[in-house]
Amino acid sequence: MLVIHILIALSSLVFSGITFLVPTLKKLYFSYTLVGLTIVSGTYLIISKPAHMLTVCFEGLLYIGVVSIALLFANKKLAKQV
């Protein structure tokens, strides 16, 4: 499950960057889906193996912050295009 979570998170980071550079509504929605899947899989991992919760939570918050900022600016760029 950890490998799947990492792949989803990395895909989310890459796709959010692409969405930031060339925003479309479909890319934005797909990025939101990847973020949701990352949160769900991360929550599952924390519940199933709560050993390093502080480190995991910090990294999760950092991930959410970076991706949220990228998607926020992508959303603003897309709104200007309309």
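Residues numbered from 1 in each chain as written. Predicted model: local features only at pLDDT ≥ 70, side-chain atom pairs only at ≥ 80, totals over all residues. Heavy atoms only, no water.

Draft legend 1. Molecular detail of the environment of isoleucine 4. Looking at where isoleucine 4 falls in the secondary structure, it is placed in helix α1 (residues 2–21). Spatially, the C-alpha atoms of isoleucine 4 and threonine 38 are 9.3 Å apart, while their sequence positions differ by 34 residues. (Helix = DSSP H or I, 4+ residues; strand = E, 2+ residues; numbered from the N terminus.)

Draft legend 2. The arrangement of a nonpolar patch on the surface in detail. Side chains of Leu2, Ile6, Leu10, Leu13, Phe58, Leu62 and Val66 sit close together on the surface and give an oily, nonpolar patch of about 670 Å² of accessible area. Counting only elements with at least two residues in the nonpolar patch, the list comes to α1 and α3 (53–81). Ranked by residues supplied to the nonpolar patch, first place goes to α1 with four residues. Mapped onto the elements, leucine 10 comes out in helix α1. Residue leucine 10 is classed as partly exposed on the basis of its relative accessible area of 48%. (Patch = residues over 30% accessible without salt bridge, like charges linked within 9 Å, V, L, I, M, F, W, Y side chains within 5 Å. Areas by Shrake-Rupley, 256 points an atom, 1.4 Å probe, with all protein chains shown as cover. Salt bridge = Lys/Arg side-chain N within 4 Å of Asp/Glu carboxyl O. Buried < 20%, exposed > 50% of the residue type's maximum accessible area, 1.4 Å probe, protein only.)

Draft legend 3. Region of interest: α3. With 29 residues, α3 extends 41 Å between its outermost C-alpha atoms, agreeing within 8% with the 42 Å of an ideal straight helix rising 1.5 Å per residue. Within α3 the residues assigned to the buried category are Tyr63, Val67, Ala70, Leu71, Ala74 and Leu78. Buried-residue contacts for α3 involve α1 and α2 (25–48). (Expected span 1.5 Å × (residues − 1). Contact = heavy atoms within 4.5 Å.)

Draft legend 4. Spotlight on the nonpolar core. Counting residues in hydrophobic clusters, the biggest one holds seven residues: Leu28, Val35, Tyr63, Val67, Leu71, Ala74 and Leu78. Among the elements of the structure, α2 and α3 are those that each provide at least two residues to this core. Among the elements that make up this core, the one with the highest residue count is α3 (five residues). In this structure, leucine 28 is in contact with Thr19, Leu71, Ala74, Asn75 and Leu78, ignoring residues within four places of it in sequence. (Core = buried A, V, L, I, M, F, W, Y, C linked by side-chain atoms within 4.5 Å.)

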